Amino acid sequence: MWDMDTLWEERGNIDPREGLPVELFEWISSMVPIPNVDLMIVNNKKQILLSWRNDEYYGKGWHLPGGCIRFKESIEERIQRTAIAEIGTEVITDAVPLAVKDMIMGKFSDIPFKRAHHVALLIKCTLPNDFIINNHGKDCDDMGYLEWFDKIPENILKVHDIYFDIFRECGLM
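Since the structure is predicted, the reported quantities are computational estimates derived from the model, not experimental observations.

Criteria and thresholds
- One numbering rule holds for all chains: residues counted from 1, following each sequence as written.
- Note on the predicted model: pLDDT of at least 70 is required for a residue's local features to be given, and 80 or more for side-chain atom pairs to be given and counted; whole-chain, interface and lining totals, by contrast, use all residues.
- Side-chain numbers here rest on the full set of heavy atoms in the structure, without hydrogens or water.
- The salt bridge definition used is simple: a Lys or Arg side-chain nitrogen within 4 Å of an Asp or Glu carboxyl oxygen.
- Exposure is judged per residue with a 1.4 Å probe applied to protein chains only, and the accessible area is read against the type maximum: over 50% gives exposed, under 20% gives buried, and values in between give partly exposed.
- In plain words, nonpolar cores are sets of buried Ala, Val, Leu, Ile, Met, Phe, Trp, Tyr and Cys residues tied together by side-chain atoms within 4.5 Å.
- Put simply, DSSP marks the helices as runs of H or I at least four residues long and the strands as runs of E at least two long, and each gets a number from the N terminus on.
- Whether two residues are in contact is decided by their heavy atoms, any of which lying within 4.5 Å being enough.
- By definition, two strands form a pair when at least two bridges between them are found by DSSP.
- To obtain an axis, a line is fitted to C-alpha atoms, over the contacting stretch when the element is a helix, and the angle between two such axes runs from 0 to 180 degrees between their N-to-C directions.

**Student:** Can you help me understand the pattern of salt bridges in this one?
**Tutor:** When the charged atoms of two side chains lie near each other, side chains of opposite charge can form a pair. If you walk through the whole model with that rule in mind, you get four salt bridges. Measuring nitrogen to oxygen at the nearest pair gives 2.5 Å for the salt bridge that ties E73 to R81. On the basis of relative accessible area, R81 is assigned to the partly exposed category, the value being 42%. Two residues, D161 and K158, come together in a salt bridge whose shortest N-O distance is 2.8 Å. The structure contains a network of salt bridges with shared partners spanning E73, R78 and R81.

**Student:** Explain the nonpolar core to me, please; I cannot follow it from the model alone.
**Tutor:** Nonpolar side chains tend toward joint burial in soluble globular proteins. Counting 24 residues, the largest nonpolar core has M40, I48, L50, L64, L122, Y163 and F167 as the members making the most contacts within it. For this core, the secondary structure elements donating two or more residues are β2 (48-55), β6 (99-104), β7 (117-126) and α4 (164-169). Ignoring anything within four residues of it in the chain, the contact list for I48 reads M40, I41, L64, E147, W148, F149, I152, F167 and L172. Among the nonpolar cores identified, the runner-up in size contains 15 residues, and I41, L121, I123 and F131 belong to it.

**Student:** Before we go on, may I ask you to explain the sheet that holds strand β8 (residues 146-149) in this structure?
**Tutor:** Across a sheet, paired strands are connected by hydrogen bonds in the backbone, their directions being either parallel or antiparallel. Read across the sheet, three strands follow the order β3-β2-β8 without closing on themselves; strand pairing throughout is antiparallel. On the outer flanks of this sheet lie β3 (59-63) and β8, each paired with one strand and no other. Across this sheet, the average inter-strand angle for adjacent strands is 30°, counted without regard to direction. One ladder, built from five bridges, connects β2 with β3; its direction is antiparallel. Across the sheet, R53 pairs through a bridge with G61, a residue of β3.

Listed below in structure tokens is the structure:
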């Protein structure tokens with residue numbers, strides 16, 4: 001069991017707006033759903049921007065850039081911080097999410113409790129006209145490698161199955 005007073009003293013003044021220590025975040029996310037944003041970034045050619053991921057929670061495959069909403073952070077702030085961190089620029093967003101879905105990982109993972117349930121907001125985004133992918137020397141199998149796709153690839157992460165209806169409506173499948 002977490003002793004919050006001890007944790008506070010040992011870690012200093014934890015500011016949840018900046019993210020939590022991994023151990024604490026994993027503990028919290030094993031108890032309650034975590035709200036997150038997933039960015040569906042589409043260009044004028046009707047292509048979707050995906051990022052390569054390979055980690056213990058979701059496995060190896062293409063995914064939508066996304067991030068967990070932090071304490072006292074608005075949805076728009078998380079969208080922009082995620083876009084800057086994962087794509088390198090801010091995005092232009094639609095005011096209303098395309099979808100709000102439960103993303104329940106215990107069904108697909110050997111890790112039944114860690115980061116197992118998210119309330120996911122799918123946000124349609126566009127990029128500034130002058131945007132060019134800069135992978136900063138990453139290879140296509142490196143975490144965070146970005147690529148445009150005409151259609152959703154077969155090796156998209158399983159958790160994104162929840163968006164297949166939206167992908168079909170948008171002509172991406």
